[in-house]
Structure formats: C-alpha cells, structure tokens
Amino acid sequence: MGDARLLQRAEEVVRFGTPELRALIADMEDTMHALDGAGLAAPQIGVGLRVVIFGFDFNPRYPEAGSVPYTVLINPVLTPLAEEIEEGWEGCLSVPGLRGVVPRWRHLRYEGFDPEGRRIDRTVEGFHARVVQHETDHLDGILYPMRMRDMSRFGFTDLLFPDQAGASE
Ligand code: NI
C-alpha cells in the first residue's frame, strides 16, 4: 500500500497461452503460496494486467473459511446476483499485518478466462465470492480499506486474532 501501481486500472490480457502469461502466473503462485495468501492479483507483483489467482483447501490466515477451488481468472467480469451484502474480515498481502471488516456481495456470478483462453463462468457465494471481489478490486486500483464503512473494525492481526496461526504474516 502506497505504491502507485496498486491504484491504477490494469489492462486486459489479449493473448492467451503464451510463455509470458505462464511465467507471470507461476510467479504469482510462488508469491501467494510463500505468503499463505488466499489470492493474489498481478498488480501486487507490479504487473498491470487483469490476472488474478485464488483458492485453497485450508488457509491458516482464514481458518473459518471453507475451501475455494484453485483458480486462475483472467479479464474477470463480476455480476452480483442479489442485493444481500455480507460483512467479513479481510486482509491483504499488500496491506501486511492488518485486518478489516469489508462489506461484499454475498451472491456473485463471475466470468472470465483461464490461461489458455477457455471461458470460466461460475455462480458462487460467501467467502469464495468475497475473495473474487477482493482480487478483482486490485485490477481497478481498489484496496480493501477503501471499501470499509466502519474504521473501528480495522486493526493489527496479532491483536484482533491472537490465537491465529500465521497471524503476524
Ligand atoms: Ni489483496
């Protein structure tokens, strides 16, 4: 947070299945796994392309969350499917050591492409929907604190969740 590249709109990917795209995704996977992230967007490693990755079976940073299938999502388009808003705790590898409560759409359809250019079209809810909204926000220069409505629920992870493994990030 504070790097101007995190506040810019990322560009659409126009060529799929290229060595450059595969190398970018491998780099993002290494970064996400090294930091126990639930997801990562390309601008977080300084690349201004509309590429996000997310997914985990169990994540020590979000022990209450159910599993989310590992997904590479390119040029995502999100459509909320109901009015319902859900509040939940989020952190971000670009905002280390902090957590905040963020309102998100509970029911979501997301569309986009995989690295080979095949269409992805899913309807999801809950934490899966939250992660996709968080990562896609990165492509539009939005960090989760910019979505918060109650700054009294923003703080240091090790104070908010003292028992949580990996809480210090
Ligand atoms: Ni993030």
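Everything below is about the structure shown above.
## Structural notes on the pattern of salt bridges
One pass over the structure, following the stated rule, counts 19 salt bridges. One salt bridge in this structure joins R104 and E90, with 2.8 Å as the shortest N-O distance. Taken together, the residues R104 in strand β5 (residues 98-105) and E90 in strand β4 (residues 85-90) connect sequence positions 14 residues apart. Looking at R104, the relative accessible area reads 4%, which means it is buried. Each of the salt bridges in this network shares a partner with another, and the network as a whole consists of E90, R104, R130, D137 and R147.

## Examining the coordination of the nickel ion
Perfect tetrahedral coordination of a metal by four donors corresponds to 109.5 degrees between them, and perfect octahedral coordination by six donors corresponds to 90 or 180 degrees. The coordination sphere of the nickel ion, as far as protein atoms go, consists of C92 (SG), H134 (NE2) and H138 (NE2), spread over 2.1 to 2.2 Å. The sequence motif formed by the donor residues of the nickel ion is C-x41-H-x3-H. Placement of the pair is C92 in the loop between β4 and β5 and H138 in helix α2 (residues 126-138), with a sequence separation of 46 residues. A residue is classified by how much of its surface remains accessible, and C92, at 2% relative accessible area, is buried. For H138, a relative accessible area of 1% translates into the label buried.

## What to know about the sheet that holds β4
Reading across from one edge, β4-β5-β8 is the order of the 3 strands in this open sheet, with antiparallel pairing throughout. At either margin of the open sheet sits one strand with a lone partner, and together these are β4 and β8 (154-156). Strand-to-strand twist across the sheet, computed as the mean angle between neighbouring axes with direction ignored, equals 25°. Strand direction decides the pairing type here: β5 and β8, joined by 3 bridges, are antiparallel. Among the inter-strand pairings, R99 is bridged to a residue of β8, identified as G155.

## Digging into the nonpolar core
The biggest cluster of nonpolar side chains holds 19 residues, and the ones touching the most others in it are V52, F54, F56, L73, Y110, F127 and V132. When residues of this core are traced back to their parent elements, those giving at least two are β2 (51-56), β3 (68-80), β6 (107-113), β7 (119-125) and α2. Counting residues per element, this core draws most heavily on α2, at 4 residues. Setting aside chain neighbours within four positions, we find V52 in contact with M28, L40, A41, T71, V72, L73, E135, T136 and L139.

## Description of the sheet that holds strand β1 (residues 39-41)
If you trace the 5 strands from one edge of the open sheet to the other, you get β1-β2-β3-β6-β7, paired in antiparallel fashion. A strand with exactly one partner marks an edge of an open sheet, and here the two such strands are β1 and β7. Ignoring strand direction, the axes of neighbouring strands in this sheet form an average angle of 35°. As paired strands, β3 and β6 are joined by 5 bridges and run antiparallel to one another. Pairing of P80 across the sheet is with L108, part of β6. On top of the sheet, helix α1 (residues 19-34) reaches β1, β2 and β3; it is set at about 40° to β2, its chief contact. Along the sheet, α2 makes contact with β1, β2, β3, β6 and β7, crossing β3 at roughly 70°.

## A short note on the pairing of β6
As paired elements, β6 and β7 share 7 bridges and run antiparallel to each other. Its bridge partner being in β7, E111 is matched across the sheet by D121. Remark: 5 residues form the turn of the hairpin made by β6 and β7, two consecutive strands paired antiparallel; G117 in that turn has positive phi of roughly 90°.

## Remarks on the layout of surface pockets
Here the largest pocket is characterised by a volume of approximately 250 Å³. As for the largest pocket, its lining consists of 15 residues, and the residues nearest its centre are Y62, E64, A65, W89 and F127. Where the lining of the largest pocket is concerned, the elements lending two or more residues are β4 and α2. Among the elements that take part in the lining of the largest pocket, β4 stands out by supplying 4 residues, more than any other. Considering only residue class, the lining of the largest pocket consists of 6 nonpolar, 3 polar and 6 charged. In this structure, the second largest pocket occupies an estimated 210 Å³ of space.

Quick notes on the rules
- Residues numbered from 1 in each chain as written.
- Predicted model: local features only at pLDDT ≥ 70, side-chain atom pairs only at ≥ 80, totals over all residues.
- Heavy atoms only, no water.
- Salt bridge = Lys/Arg side-chain N within 4 Å of Asp/Glu carboxyl O.
- Helix = DSSP H or I, 4+ residues; strand = E, 2+ residues; numbered from the N terminus.
- Buried < 20%, exposed > 50% of the residue type's maximum accessible area, 1.4 Å probe, protein only.
- Donors = N, O, S within 2.8 Å, 3.2 Å for Na, K, Ca; no water.
- Pairing = 2+ DSSP bridges.
- Axes fitted to C-alpha atoms, helices over the stretch in contact; angles between N-to-C directions.
- Core = buried A, V, L, I, M, F, W, Y, C linked by side-chain atoms within 4.5 Å.
- Contact = heavy atoms within 4.5 Å.
- 1 Å grid on protein atoms, 1.4 Å probe; cavity = no way out; pocket = protein on both sides within 12 Å on 5 of 7 lines; lining within 4 Å.
- Points joined across faces, edges and corners; volume = space filled by probe spheres on them.
- Nonpolar A, V, L, I, M, F, W, Y, C, P; charged D, E, K, R; others polar.

Limitation: the analysis is restricted to geometry and does not speak to function.
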